[in-house]
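Coordinate analysis (summary)
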Amino acid sequence: MTEPPDSHSEPRSDSAELAELHEALGSLRREILERFPAREPAPSLLADVDWEALFDDLRRRISSIGMSERSGEVDEFGMDEIVVRRARRVLDLLYDRYWRVDLDGADQLPDAGPCLLVANRSGMVPWDGLVLAHGLHREHPLHPQARFLVADWLITLPFVQPYLARLGGVRACRENAERLLGSGHFVIAFPEGAKGATKVMRERYQLQRFGRGGVVRLALESGVPLVPVGIVGAEESNPILFKWQLPARRLGLPFLPVTPTFPLLGPLGALPLPSKWVIRMGEPLSFEHLGSEAASDELLISRLTEELRARIQGLVEIGLGERESVWG
Amino acid sequence: MIRRLLERAPGLRIVGLDHRRPYRLDPRVHFHRVDLTEPTADGRIAEILSKERADALVHTAFRTEPTPDLEMDHELETIGSRHVMNACAAAKVRRLVVASSTMVYGARPDNPNFLTESHPLRGHRGAHQVQDRAEMESLVAEWRVRHTDTEVTVLRPCWIMGPTYWDHVTRYFSLPLVPTPMGFDPLLQFVHEDDCLHAFEQATLKPHPGVFNITARGVIPLSTILSLAGKRRLSLPGALLSRISEVPSQAQSGNPPEGFFDYLRYLWVADGARGWEAFGEPVYTTKEAWMSFVSARRMRRYR
């Protein structure tokens with residue numbers, strides 16, 4: 001054993017003192033060795049694994065796959081704050097790097113809710129709703145999380161339902177929208193509904209009929225401003241080449257979308273392609289001057305709905321013009 | 001309920017009607033034996049009501065558990081309610097309180113997230129008990145239009161949880177391994193038994209005509225409910241689940257009926273705002289109601 005040089009005892013080079021110190025250090029060493037005996041050779045890896053605990057842990061992990069970080073506390077529409085926060089990390093990546101979303105016009109939004117955003121819908125997976133809600137959160141982080149409305153068949157689809165609800169999706173119906181707007185939320189509606197989601201590639205960026213004017217009627221009745229939004233890029237991230245009817249009947253779906261990667265690559269094919277996204281928001285439309293009795297004027301509603309559709313179509317055209325290419 | 005009423009209003013005269021004398025009946029209750037499934041039940045109830053000069057009648061003669069005897073259930077729930085209503089009309093009872101359930105709205109994929117009292121009662125195809133209850137409600141609604149001098153209160157509680165309440169729902173949730181439909185995790189709501197009794201008490205003592213959902217505040221997903229109770233969940237695909245649930249219900253053991261699992265698949269959460277306004281804020285939230293049930297049954301185990 002080598003004696004460490006003692007800086008304090010060096011100036012007084014007294015041999016007796018040095019010997020005393022040596023003694024003390026020796027006893028300390030013995031004591032340490034006594035208290036902490038050297039480790040025995042490591043046992044073989046599998047010798048005493050607690051198999052029962054391991055299996056228990058494994059079982060618990062399997063049974064909670066995908067749900068491991070849920071908080072259990074959900075709001076009244078089933079959104080889980082922790083799941084949303086976790087999804088934001090993934091969405092940030094998709095937003096900045098994958099789709100390079102170019103969002104413009106968010107400064108025109110009213111400072112506080114309620115507000116109804118109306119956008120064009122595309123693709124089977126509601127990426128457009130998720131991305132738009134995420135974009136709003138980035139632009140206005142202090143607002144309550146914007147909620148997007150999802151068509152019935154998707155929000156009640158097995159295995160999809162738990163996730164969509166936790167991420168902030170709400171079944172598209174009048175009562176839900178009214179309730180959300182009543183509590184001051186930003187609500188994202190896709191009035192094209194299933195027709196928009198199931199457009200095939202050659203119909204892309206041609207807006208379909210807007211349901212039965214429910215969006216406009218809602219805005220007239222509740223007096224909330226409508227914000228038209230044009231989303232470009234979502235069509236190409238999940239392009240539907242054609243609709244395959246036969247196997248879909250078996251699965252209870254309206255049809256099976258055939259994309260360049262799905263069902264060729266299996267579940268991997270459901271992943272979106274890295275197209276360039278451009279989101280343009282128009283000026284908010286306020287119908288307050290028309291009064292709430294206008295909500296019973298069907299002709300007015302259909303005229304306003306058509307106007308809204310033309311506006312969104314215009315925003316989509318602007319977005320298409322600003323984009324250099326599908327991938328660029 | 002009776003004990004609470006006696007505590008709240010000591011001078012009240014309480015008359016109990018049932019098809020058999022309850023075990024441990026409070027001696028202050030004047031009991032009469034009535035079988036609602038008898039064809040002459042209406043006359044008999046009317047006779048009792050006018051003899052006792054009853055002011056209010058609380059009608060809760062419904063099954064807490066669906067039985068395999070469909071005919072009998074129908075006789076009791078629908079026809080029995082008709083008897084009760086006819087008797088009320090004959091005896092000129094001022095107030096009628098009817099117990100229903102939010103299950104009568106039906107669990108459907110196209111339900112809004114919050115069902116208000118004005119939502120149509122669509123019942124449920126697979127659950128005859130719910131169908132009977134919905135039919136009973138339509139009878140009550142009809143009767144109400146014809147007898148405007150009687151205040152009719154219909155209370156629709158959601159699933160009741162609490163230390164002492166026991167029905168097919170609590171029985172299902174007490175299973176050691178809870179079978180659930182695969183791929184679904186709906187929002188559920190409960191109401192604590194005390195809050196539910198409070199609503200009934202208020203409706204009996206004070207005029208609250210109309211229909212009210214009786215719910216607690218807050219909703220929780222099914223998976224959270226089970227993990228709060230430390231339960232194991234057995235997710236099964238729909239077809240297999242209904243096949244499995246058929247076996248015990250065929251064996252007449254009063255297990256969850258067919259159609260029950262749709263209530264664990266789709267949304268049927270009711271909006272209780274009207275009830276809260278009329279009967280006061282519920283003491284327990286959904287989570288607290290569930291935890292009181294869990295702790296009373298000592299479900300949580302140490303791991």
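Bear in mind that the values here come from a model prediction, so they are computed numbers and not experimental data. (Residues numbered from 1 in each chain as written. Chains lettered and ligands numbered in written order. Predicted model: local features only at pLDDT ≥ 70, side-chain atom pairs only at ≥ 80, totals over all residues.)

1. As for the overall build of chain A
Along chain A, the regular secondary structure elements total 12 helices and 9 strands. The buried share of chain A, reckoned over its 328 residues, is 35%. (Helix = DSSP H or I, 4+ residues; strand = E, 2+ residues; numbered from the N terminus. Buried ≥ 20, exposed ≤ 12 C-beta atoms within 10 Å, placed from the backbone.)

2. Quick notes on the sheet that holds strand S4 (residues 95–99) of chain B
Residues and elements named next belong to chain B. Here we have 4 strands laid out as an open sheet, ordered S3-S4-S5-S10, and parallel in their pairing. Only two strands of the sheet have a single neighbouring strand rather than two, namely strand S3 (56–59) and strand S10 (210–214). The sheet shows a mean angle of 15° between the axes of neighbouring strands, direction not considered. In the sheet, strand S5 (residues 151–157) pairs with S10 via 5 bridges, with the strands oriented parallel. (Pairing = 2+ DSSP bridges. Axes fitted to C-alpha atoms, helices over the stretch in contact; angles between N-to-C directions.)

3. A look at helix H1 (residues 15–35) of chain A
Its 21 residues place the ends of H1 of chain A 30 Å apart at the C-alpha level, agreeing with the 30 Å of an ideal helix rising 1.5 Å per residue. With 0 of 21 residues buried, H1 of chain A lies mostly on the surface of the structure. (Expected span 1.5 Å × (residues − 1).)

4. Comments concerning the sheet that holds strand S2 (residues 115–119) of chain A
All names here are of chain A. Spatial ordering of the open sheet is given by S1-S9-S6-S2-S5-S3-S4, a layout of 7 strands whose pairing is mixed. Since the sheet does not close on itself, it has two edges, and those belong to strand S1 (102–104) and strand S4 (169–171), each with one partner. Sheet twist, expressed as the average angle between the axes of neighbouring strands with direction ignored, equals 25°. Two elements, S2 and strand S6 (residues 226–232), share 4 bridges in a ladder whose sense is parallel. Each residue of the ladder has a partner; that of Leu117, found in S6, is Val227. Sitting on the sheet, helix H9 (residues 214–222) touches S2, strand S5 (186–189) and S6, and the angle it makes with S2 is about 165°. (Contact = placed C-beta atoms within 7 Å.)

5. Quick word on the nonpolar core
Within the largest apolar cluster, 77 residues are counted, with the highest numbers of intra-cluster contacts made by Ile45, Leu155, Met161, Phe190, Val191, Val269 and Ala289 of chain B. Beyond its immediate stretch of four places on either side in the chain, Phe190 of chain B contacts Cys158, Trp159, Met161, Ala216, Thr286, Ala289 and Trp290 of chain B. Counting 65 residues, the second-largest nonpolar core is a separate cluster that includes Leu94, Leu132, Ala133 and Ala177 of chain A. (Core = buried A, V, L, I, M, F, W, Y, C linked by C-beta atoms within 7 Å.)

6. So, the pairing of strand S9 (residues 278–281) of chain A
Residue and element names in this part refer to chain A. Burial along S9 is two-sided: Val278 and Arg280 facing one way and Ile279 and Met281 facing the other are all buried. As defined by bridge partners, S1 adjoins S9 across 3 bridges and the pair is classed as parallel. Note on S9: the bridge partner recorded for Asp102 is Val278. Note that S6 and S9 share 4 bridges and pair antiparallel. Its bridge partner being in S9, Ile231 is matched across the sheet by Ile279.

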